[in-house]
Amino acid sequence: MGLDSRVRIFQIGFNKCATSSLHNFFQRNGLASVHWEEGRLAARVATRLKKGEDPFLDYPDTIAFTDMIMLSATLVLEPYKAFAEIYRWYPQSYFVLNTRHCRDWIESRVKHGFVPRYQVLYKLPDEAAVRRLWMQDWYTHHAKVLKFFADKPQRLLVY
């Protein structure tokens, strides 16, 4: 029996937490997967969400979605954080909260040069303020995901 046409896999954790590895895993196992697309994935999904449309209408043949973030000099889009709305469109789907130790994730983001853009976008005075923002975001997002899926644990994989 094949998959229901509405069944998808959505990675809803942060970037720099093995998103490329998840994407490669899905592809190696025969699942059509899209990863980041240099921010275009996040932009398309965010636009559809804002219009109240199926957020993945632009990807009819794709099963798995990873690294839904767009970070530019003027904008941060993180539509994976709209997991509750994505769930409303795709209630038979699976959601992956990819994670790692918060300190390691922050260090990876620092190493990959994210600090200056976040300083400008959020008008933060220094790297320490960016690190505090990320730590708060990390714990808040994880708590929201776990709370939302508490009564539907079969739909969530924490990895």
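Structure's up top.
Okay, so let's go over this structure. This structure is a prediction, so every number in the text was calculated from the model and none was measured.

Moving on to the overall build of the protein chain. Across its full length, the protein chain holds 6 helices and 7 strands. Listing the helices and strands of the protein chain from first to last along the sequence gives β-α-β-α-β-β-β-α-β-α-α-α-β. Its C-alpha radius of gyration of 16 Å places the protein chain within 12% of the 15 Å reference for a compact globule of 159 residues. For the protein chain, the C-alpha atoms occupy an extent of roughly 55 × 30 × 30 Å along the three principal directions. Within the protein chain, buried positions represent 45% of all 159 residues. Intrachain contacts of the protein chain at a sequence separation of at least 6 include 75% that bridge at least 24 residues. Summing over all exposed atoms, the protein chain offers an accessible surface of approximately 8,700 Å²; the carbon and sulfur share of this is 55%.

Moving on: unusual backbone geometry. One non-glycine residue with positive phi stands out, namely A18, at about 70 degrees. Residue placement: A18 occurs in the loop between β1 (9–11) and α1 (19–28). A18 gets classed as partly exposed once you look at its relative accessible area, which sits at 37%. The phi angle at E37 is positive, at roughly 55 degrees, despite the residue not being glycine. Inspection of the secondary structure assignment puts E37 in the loop between β2 (33–35) and α2 (40–51).

Pairing in this open sheet of 5 strands is parallel, and the strands run β2-β3-β1-β6-β7 from one edge to the other. Looking at strand neighbours, the two that pair on one side only are β2 and β7 (156–158), the edges of this open sheet. Along the sheet, successive strands turn relative to each other by an average axial angle of 15 degrees, direction set aside. In this sheet, strand β6 (residues 94–97) lies alongside β1 in parallel orientation, the contact comprising 3 bridges. For F10, the partnering residue across the bridge sits in β6 and is F95.

This paragraph deals with the packing of aromatic side chains. Enumeration according to the criterion identifies 22 aromatic pairs in this entry. The structure contains a cluster of three or more aromatic residues connected by ring pairs, namely F10, F56, Y59, F65, F83, Y87, Y90, F95, F148 and F149. Sitting over the face of the ring of F148, K152 holds its NZ or CZ atom 4.3 Å from the ring centroid. R155 extends its terminal NZ or CZ atom over the ring of Y94, reaching a point 4.7 Å from the ring centre.

Applying the stated rule across the entire model yields 9 salt bridges. For E37, the salt bridge goes to R44, with nearest N and O atoms at 2.9 Å. Given the relative accessible area of 33%, R44 is considered partly exposed. In this structure, R48 and D58 form a salt bridge, with 2.7 Å as the shortest nitrogen-oxygen distance. Remark: D58 occurs in the loop between α2 and β3 (64–66) and R48 occurs in helix α2; sequence separation between them is 10 residues. Salt bridges sharing common partners tie together R48, E53 and D58.

Reading the values: rules and limits
- Residues numbered from 1 in each chain as written.
- Predicted model: local features only at pLDDT ≥ 70, side-chain atom pairs only at ≥ 80, totals over all residues.
- Heavy atoms only, no water.
- Helix = DSSP H or I, 4+ residues; strand = E, 2+ residues; numbered from the N terminus.
- Rg over C-alpha atoms; globule rule 2.2 N^0.38 Å.
- Buried < 20%, exposed > 50% of the residue type's maximum accessible area, 1.4 Å probe, protein only.
- Contact = heavy atoms within 4.5 Å.
- Areas by Shrake-Rupley, 256 points an atom, 1.4 Å probe, with all protein chains shown as cover.
- Pairing = 2+ DSSP bridges.
- Axes fitted to C-alpha atoms, helices over the stretch in contact; angles between N-to-C directions.
- Phe/Tyr/Trp six-rings, centres within 6.5 Å; stacked < 30°, edge-to-face > 60°.
- Lys NZ or Arg CZ within 6 Å of the ring centre and 35° of its normal.
- Salt bridge = Lys/Arg side-chain N within 4 Å of Asp/Glu carboxyl O.

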